[in-house]
Amino acid sequence: MIKHPRWQRPLFKSLVFLYILPCAALLLPFVKAGVLSLLESSLELETIFWAAYLNTIILAVGNLLLQWLVNIPAGLALSKMLPQHIARKVLYLCLLLMFLPQQALILPQYLLLDRMHLLHHAGGVVLMSAFQPFLVLIFWFGSEQIHPSLFEAAICEGASTRQCFFRIYIPMLSPYILAGSLLSVAESWNMLEQPMTFLQTDSQLVLSTYFLQQIGADPSVTAIQALLSVFPLLLVFAFAVAKLHNPNSIVSSEENSFTL
Amino acid sequence: MNFFVKSGSLSRQRHIIGWLLLVPMLLAFMVNYLLPFVIAFIRSFYHGMGNTFVGMENHIELLQNHTFLLAIRNLLILWAFVLPLNLCIAFLLALLCHRIHGGRSSALFFLPAVLPAVCVVEIVSQLFGTSQIDGLFSLLPADWSTGQVAGMVFGCLVLWKGLGYSLLILIVALGSIPEEYLEAAALEGASYWRIVFSIRLPLTAPSLGICAILAVYNSFRCFREALLLGGAHPTESLYSLQHFLQNNFSNMNFARLEAASVFLIVIPLLLLVFFSAFWKLPVWKRKEGGRS
C-alpha cells in the first residue's frame, strides 16, 4: 500500500474551495445592500419574471422526459443489441455532432418548425432538443459497464426480458441516468438560442431570454433574480452529488426488491 | 426468449429489437440535424430565400466576410487558450484527487458547469465591476468589457466552466488503470513522475481526447455568457461564431447564414474523418464481458 504525503489532502480541499469561491460573489449584493432591503425588493419582482421561471421549469421537464425516451433506448441498443460496427458508426456520429455549434442549424430548424406548425410553441423547442449526442454517449457508456453475467444469472433464475430491463438494467444504469439528467436540466435551464428564435412572444419568455431583456436594468434586482434562478439547479446538483457519491445506494434498494 | 444475452438463435431478433430501440433517436436525429442540414445545404446555393440559383456565390462571399473571419479567428484563439490549459490543469488535479481519493469534493469542480449564464455573468460583474456597479477587485479597467481584456475574461470563464467535465472523466480514467502496472513500475524503481508520463498519461490519452471534444463543445455553449457580457454587437475580442450566426439571422441575411451553416458542419466532419484515421478510440473496442 503506497502512502501519500499528508499535505496532499488539504491542498486538494483548498483548491476545491478556491475553485468554487467565485460563486460566493452571487451573495455580494446582499452584503452590500443588506439582506432585508433586497428581500423586500424581491417581493416586488415583476410577474413576467415568475412567468419566465415557470416556463423554464416546464421546458426543462419536457426536455428531460423526451430526452429519456429518445436517448436511453439508444444507449441500450448500441451497447447490447446492435452489431459493433453499427454501434461504432453511430457513436462516431454522436461525437461529430458535439463539434457543431447549435446555432448553425437554427434557421433551417426554424423553417422546419414553421412547416410543422410548431413555431412559437414550447413543443417545438422540446422537439428540437430531443436528440442529445452527449446523452447517448453517457447512456451507452453506462450500459457497457453492466456485466452480461448479471443478466445470465437472472435468466437462469427464470427472469424475462421485461424483468431484466426494469429490475437490472434500469437500476444499474440509474447513476448514469442521474448524471445525464443533471446535465440535461442544466442545459435546458440555460437554453438561449432556441427559445430566443422559436419563442418570440413575451408570454413565452424563459429565464435566459428574460435576462437578455434585462441588460442595463437595475443591477440589484438582476442579482436577486440570478440568485433565485440558480436555486433549483443547486438542489438538483446537491441531490445528484449525494447519490452519485455512492451509486450502489441507488442500485441496492432496487436489487433488494428483485423477486421473480 | 431474452434479448439481454447473446445467443446465436436470437441474434436476428436482437438486432431487430435493437433497431426498434434506435428508431426514436434516428427520428429525432432526422428532425434535429439531418433535415435542417439538407435544407441549409440546398438553400446555400440560392439567393436569399428566393429561387434564384447562384451556385457557390454565397460560400465565396462568406469566406470574404470580415466578421466571419474575425469570428473564426476568435474561435481558434479561444481553443488555443482553453484546450491545453483545460487538459493540463484537469490532468494534474485528477492525479492529485486520485491519489487522495478526493471523492465527493471533486464533484464540486463541476458546480460552475451547471450555473446559468446569468449567474456566471453576475459573478464576473460583482468581482470585476461594470459600468453600473463597482467590482470587488480593481484589477481591470472600468471599461474592460469593451476592450481586449474582455476576450481574456471570456476565455477564463470558458475554462472555469469546462474544467469540471475533464476532471471527472480523467479521475475515472486514472482509476481504471490496473494497479499491477503501477506496482510493477514502482518495483522496477520508476519514480512517481516517470510512472505518470510513461504509464498514466499514455493510458489516459483516449480520455484526454474525449475531454478535448467536451472542451470544444463547452466553448460553443459559452456563447450565452459572451452575449450577456457584450450584447449582440460586442467588442472584437468577444465576437464569436454564434454572434455572427445570430446577427445574420436577426438581419434576415439568410443566404450567408445557410452558407455558414454548411461550412460549420462540413469542416468539422472532414476534420473528424481525417483525425479518426490516425486516432482510434479504444473505448469503441468492446471486450468480452461487456466492459470497455
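Asker: Just checking my understanding: could you explain the overall build of chain B for this structure?
Answerer: If you tally the helices and strands in chain B, you get 12 helices and 0 strands. The secondary structure elements of chain B, listed N-terminal to C-terminal, are α-α-α-α-α-α-α-α-α-α-α-α. Per-residue burial for chain B yields a buried fraction of 52% across its 292 residues. The long-range fraction of contacts in chain B, counting pairs at least 24 apart against all pairs at least 6 apart in sequence, stands at 65%.

Asker: Quick question: what am I supposed to make of the pattern of salt bridges here?
Answerer: Where side chains of opposite charge bring their charged atoms close, a pairing between them can arise. Using the criterion set out here, one finds 4 salt bridges over all chains in the structure. Where Arg224(B) meets Glu193(A), a salt bridge forms, and the shortest distance between an N and an O atom there is 3.2 Å. Pair noted here: Arg224(B) is in helix H10 (residues 223–230) and Glu193(A) is in helix H11 (residues 193–198), and the two residues belong to different chains. For the pair Arg224(B) and Glu193(A), a shared accessibility class is recorded, and that class is buried. Across the pair Glu225(B) and Lys161(B) runs a salt bridge, and its minimum N-O distance is 2.8 Å.

Asker: Teacher, can you tell me more about unusual backbone geometry here?
Answerer: It is generally the case that most residues other than glycine have a negative phi and that most peptide bonds are trans. For His117(A), which is not a glycine, the phi torsion comes out positive at approximately 55 degrees. Looking at the secondary structure, you find His117(A) in the loop between helix H6 (106–115) and helix H7 (122–128).

Asker: Honestly, helix H9 (residues 192–221) of chain B in this entry has me stumped. Any pointers?
Answerer: A turn of α-helix holds 3.6 residues, and therefore any two residues three or four places apart point the same way. A rise of 1.5 Å per residue sets the reference length of H9(B), with its 30 residues, at 44 Å; its end C-alpha atoms lie only 37 Å apart and thus fall more than 12% short of the reference. At Ala205(B), H9(B) is bent by approximately 55 degrees, the largest bend along its length, and proline Pro206(B) sits one to four residues beyond.

Asker: Would you take a moment to explain the interface of chain A and chain B for this structure?
Answerer: Accessible area lost when the parts come together is the quantity often used to give the size of an interface. Of the residues lining the interface, 108 residues belong to chain A; the matching set on chain B comes to 97 residues. Of all residues in chain A, Phe12(A), Tyr19(A) and Met81(A) bury the most surface against chain B, accounting for 9% of the area lost on that side. Viewed at the interface, chain B and chain A are joined by 2 salt bridges. Across the chain A-chain B interface, the total number found is 10 residue pairs in polar contact (both at pLDDT 80 or more).

Asker: I'm lost on the environment of Ala117(B) in this one. Help?
Answerer: Relative to the assigned elements, Ala117(B) resides in helix H6 (residues 117–128). When the C-alpha positions of Ala117(B) and Ala226(B) are compared, they lie 9.0 Å apart, and in sequence the two are 109 residues distant. Once you skip the residues sitting within four places of it in the chain, Ala117(B) turns out to touch Asn190(A), Arg224(B), Glu225(B) and Leu228(B).

Asker: Would you mind going over the packing of helix H4 (residues 47–81) of chain A against helix H1 (residues 11–43) of chain B with me for this structure?
Answerer: Between two packed helices, both the angle of their axes relative to each other and the distance between the axes serve to describe the pair. Relative orientation of the contacting elements H4(A) and H1(B) amounts to 145 degrees, with a least axis distance of 8 Å. Of the two elements, H4(A) crosses H1(B), and the hand of that crossing is left-handed. Between H4(A), through Leu69(A), Val70(A), Pro73(A), Ala74(A), Leu76(A), Ala77(A), Leu78(A), Lys80(A) and Met81(A), and H1(B), the contact on the second element is made entirely by Arg14(B), His15(B), Ile17(B), Gly18(B), Leu21(B), Leu22(B), Pro24(B), Met25(B) and Ala28(B). Within the contact of H4(A) with H1(B), the residues separate by chemical class into 14 nonpolar, 2 polar and 2 charged.

Asker: Quick question: what am I supposed to make of the side chain of Glu258(B) here?
Answerer: Considering the arrangement of structural elements, one finds Glu258(B) in helix H12 (residues 254–276). An unpaired buried charge is present at Glu258(B): no salt bridge exists, and Arg43(B), the closest side chain of opposite charge, is 5.5 Å distant. Filtering out sequence-adjacent residues up to four positions away, Glu258(B) remains in contact with Leu107(A), Pro108(A), Leu111(A), Ala40(B), Arg43(B) and Ser44(B).

Asker: Could you clarify how one ought to interpret the nonpolar core in this entry?
Answerer: For soluble globular proteins, the rule of thumb is that nonpolar side chains tend to be buried together. Core analysis: the largest hydrophobic core is formed by 163 residues, its most contacted members being Leu78(A) and Phe131(A). Residue contributions to this core reach at least three from each of two domains, namely domain 1 (1–43) and domain 2 (58–284) of chain B.

Asker: I would appreciate a short explanation of the packing of aromatic side chains in the present structure.
Answerer: Any aromatic ring pair is given by two values, namely how distant the centres are and how the planes are angled relative to each other. Here the structure, examined in full by the defined rule, presents 30 aromatic pairs over all chains. Seen from their ring centres, Phe49(A) and Tyr53(A) are 5.8 Å apart, and the 75 degrees between their planes marks the pair as edge-to-face. A residue pair is termed a helical-turn pair when its members lie 3 or 4 positions apart in one helix, as Phe49(A) and Tyr53(A) do in helix H4 at 4 residues. An identical accessibility class is assigned to Phe49(A) and Tyr53(A); each is buried. Each ring, one from Phe68(B) and one from Phe263(B), has its centre 5.3 Å from the other, and the planes form 80 degrees; the classification is edge-to-face. Pair noted here: Phe68(B) is in helix H3 (residues 66–100) and Phe263(B) is in helix H12, with a separation of 195 residues, a long-range link. Of the residues examined, Phe263(B) reaches a relative accessible area of 24% and is grouped as partly exposed. Here the aromatic residues Phe49(A), Trp50(A), Tyr53(A), Trp189(A), Tyr210(A) and Phe211(A) are joined through ring pairs into a cluster of three or more.

Thresholds applied
- Residues numbered from 1 in each chain as written.
- Chains lettered and ligands numbered in written order.
- Predicted model: local features only at pLDDT ≥ 70, side-chain atom pairs only at ≥ 80, totals over all residues.
- Heavy atoms only, no water.
- Helix = DSSP H or I, 4+ residues; strand = E, 2+ residues; numbered from the N terminus.
- Buried < 20%, exposed > 50% of the residue type's maximum accessible area, 1.4 Å probe, protein only.
- Contact = heavy atoms within 4.5 Å.
- Salt bridge = Lys/Arg side-chain N within 4 Å of Asp/Glu carboxyl O.
- Expected span 1.5 Å × (residues − 1).
- Bend = angle between axes of the 7 residues up to and from the residue.
- Buried area = accessible area lost by both parts, 1.4 Å probe.
- Polar contact = N/O pair within 3.5 Å; in protein donor to acceptor, adjacent residues only side chain to side chain.
- Axes fitted to C-alpha atoms, helices over the stretch in contact; angles between N-to-C directions.
- Left-handed = near helix turned anticlockwise from the far one by under 90°.
- Nonpolar A, V, L, I, M, F, W, Y, C, P; charged D, E, K, R; others polar.
- Lys, Arg positive; Asp, Glu negative; His and termini not counted.
- Core = buried A, V, L, I, M, F, W, Y, C linked by side-chain atoms within 4.5 Å.
- Domains from an automatic or database assignment.
- Phe/Tyr/Trp six-rings, centres within 6.5 Å; stacked < 30°, edge-to-face > 60°.

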